[in-house]
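Reading the structure
Here's the letter readout for the chains.
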Amino acid sequence: MAEHDKILLREVYKEFGSTKVLQGLNLAIRAGETLVVMGRSGCGKSVMLKILLGLILPDSGEIVIDDQEITQLSEKDLVPIRQKIGMLFQGSALFDSLTVGENVGYALKEHFKMPTEEIQQVVKKNLSFVDLAGAEDLMPAALSGGMKKRVALARAMAYQPEILLYDEPTTGLDPITATTINALIRKTQQELGVTSIVVTHELDSGFSVADRIAVINDGVIIEIGSLHEVQKSKNNFVKLFLAGPK
Amino acid sequence: MNKNFFNEKLRVVGQQFSQFMINLHDMFELFGRSFALLFNRPAYFRDTLAQMHSIGVRSLPIVVLVCTFTGMVLALQAGYAMAIYGAKMYVGSLVSISLLRELGPVLTAVVVAGRVGAGIAAEIGSMQVTEQIDAMRALGTNPVKKLSSTRLVAILIMLPILTFIGNGVGILGALLIAVGNLNIAGSFFWTTVFNAITFEDLLNSLLKPIAFAMIISTIGCFMGFHASGGTKGVGEATTRSVVVSIVLIFLVDFLITNFILTIS
């Protein structure tokens, strides 16, 4: 693990039944960067994020976060690791029995035992950050798709994680809302300096937020580098993928 | 051809049996973890109280309705049947023993399995297919502790109470029929009731709801946690939860009855 690497995936394999999803995936993510992982739908990008969070165990391989190997950790021992990581789920995954404010303050109430007034202040601050000031008392069912994503981002940021994982943050959103989300991802990285991994198959979204881009195919990373480097790739799949729909 | 057909059938049966054993193991594991986590922090008192309200208080009207009418029907049927043998005045004994030993615990459990077990499976199943369970784990919460343990303890407390109330209103329903329809004096009805009830009946009425509570909570949570395939999967999990719970309630009812009769 290089000195500036925050996260390292080494020879990670994962199968579901007879479907091989990850086949010896190697990837290093530098501290403070935004790495965009691109690839076709169903190629294992989301599985990779869930493995990073310890939600899914890999069949083999190592996951190192801040010099700590996490695949052997129990659910209890994973809690401090997870407190370093915030995740924006593909479908937002807001708790639909809780209000927006309760969703955003969930982890603070659950683990950090903060006083209620302090939690409310953090909730207000984070909702303002995602341009949803005053939405504390709304229920998730009353929100649009874009608003749900922004609340989910506020929830993920509430406990100031060092790492943010974004699973298809703009999928299913209209172009204007998608641009807002992309701007928020950039703003989060610039203002908070977090290490981010953005998984997407949407080229515009990926290009607009990436410091580096990794392209995944057949369960391995086939290209990684800056946008410029990846665009000059000689790999046929990368060329075809970056050419976009015709 | 016939041999291949037979082998294929055998393979399918083997697979299904293997899956059944895995599920059975996982259900016991879920129950064990839910129970063990009751003694860990955080205690989730508010969640448990909310579940007790949802499971117990909100099930009360339907339990009262079902048990009252059961007591009334039982008294009516027994009264006319026993009148043939001149034993009509002992309707109170028959109804109270039937309710305490079998009908009260089983009917209450079936009602709760239908109302609460299905609700648990649907709620946890929806959370599972919309990644809320993953989000919970990602935010450092143990979903078994937060969702399963709280429901287990809520049902363990509320089902015996509901059964007790169900038995009571069932006997009151029988009293209405005895006095109003069968012309039995109220005081005599109560005398036959209290003379008939034994320690074993009370044991039945306490042991069975505890066992049924474990079944309803574990099956509901297990089906919810294992839901997959979107809303269709949630619907299937809900149906399976009710069917499996009711079948197990009747099976365990037989086993407990057999056990109590053997030891007494």
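Residues numbered from 1 in each chain as written. Chains lettered and ligands numbered in written order. Predicted model: local features only at pLDDT ≥ 70, side-chain atom pairs only at ≥ 80, totals over all residues.

**Let's talk about the packing of helix α1 (residues 2-36) of chain B against helix α8 (residues 199-225) of chain B**
All names here are of chain B. Contact pair α1 / α8: the axes reach a minimum separation of 10 Å and the direction vectors enclose 110°. One way to sum up the angle between α1 and α8 is to call them roughly perpendicular. The element α1 and its partner α8 pack so that their crossing is right-handed. Within the contact between the two elements, α1 uses D26, M27, L30 and F31 and α8 uses M214, T218, C221 and F222. A per-class count over the contact of α1 with α8 returns six nonpolar, one polar and one charged. (Axes fitted to C-alpha atoms, helices over the stretch in contact; angles between N-to-C directions. Helix = DSSP H or I, 4+ residues; strand = E, 2+ residues; numbered from the N terminus. Parallel < 35°, antiparallel > 145°, perpendicular 65-115°, else oblique. Left-handed = near helix turned anticlockwise from the far one by under 90°. Contact = placed C-beta atoms within 7 Å. Nonpolar A, V, L, I, M, F, W, Y, C, P; charged D, E, K, R; others polar.)

**A few points about the confidence of the model for chain A**
Of the residues in chain A, 98% have a pLDDT of 70 or more, and the chain-wide mean is 88. Looking over chain A, one finds the lowest element-wise mean pLDDT in helix α7 (residues 175-192) of chain A, namely 84, and the highest in helix α3 (residues 100-104) of chain A, namely 94. (pLDDT = per-residue confidence, 0-100.)

**Remarks on the packing of helix α6 (residues 145-157) of chain A against α7(A)**
All names here are of chain A. Where α6 meets α7, the closest approach of the two axes is 10 Å, and the angle between their N-to-C directions is 10°. It follows from the interaxial angle that α6 and α7 lie roughly parallel. The chirality of how α6 crosses α7 is right-handed. Taken together, the residues of α7 that come into contact with α6 (itself represented by G146, K149, R150, L153 and M157) are T177, T180, I181, L184 and T188.

**Regarding the nonpolar core**
One broad rule of soluble globular proteins: the nonpolar side chains tend to lie buried together. Judged by nonpolar contacts, the single largest core of 70 residues is most densely connected at V37(A), M87(A) and L165(A). For this core, the leading source of residues is α6(A), giving seven residues. Not counting chain neighbours up to four residues away, the residues in contact with L165(A) comprise L49(A), L52(A), L53(A), I85(A), M87(A), L88(A) and I197(A). Formed by 59 residues, the second largest nonpolar core is a distinct cluster that contains A113(B), L152(B), I184(B) and F212(B). (Core = buried A, V, L, I, M, F, W, Y, C linked by C-beta atoms within 7 Å. Buried ≥ 20, exposed ≤ 12 C-beta atoms within 10 Å, placed from the backbone.)

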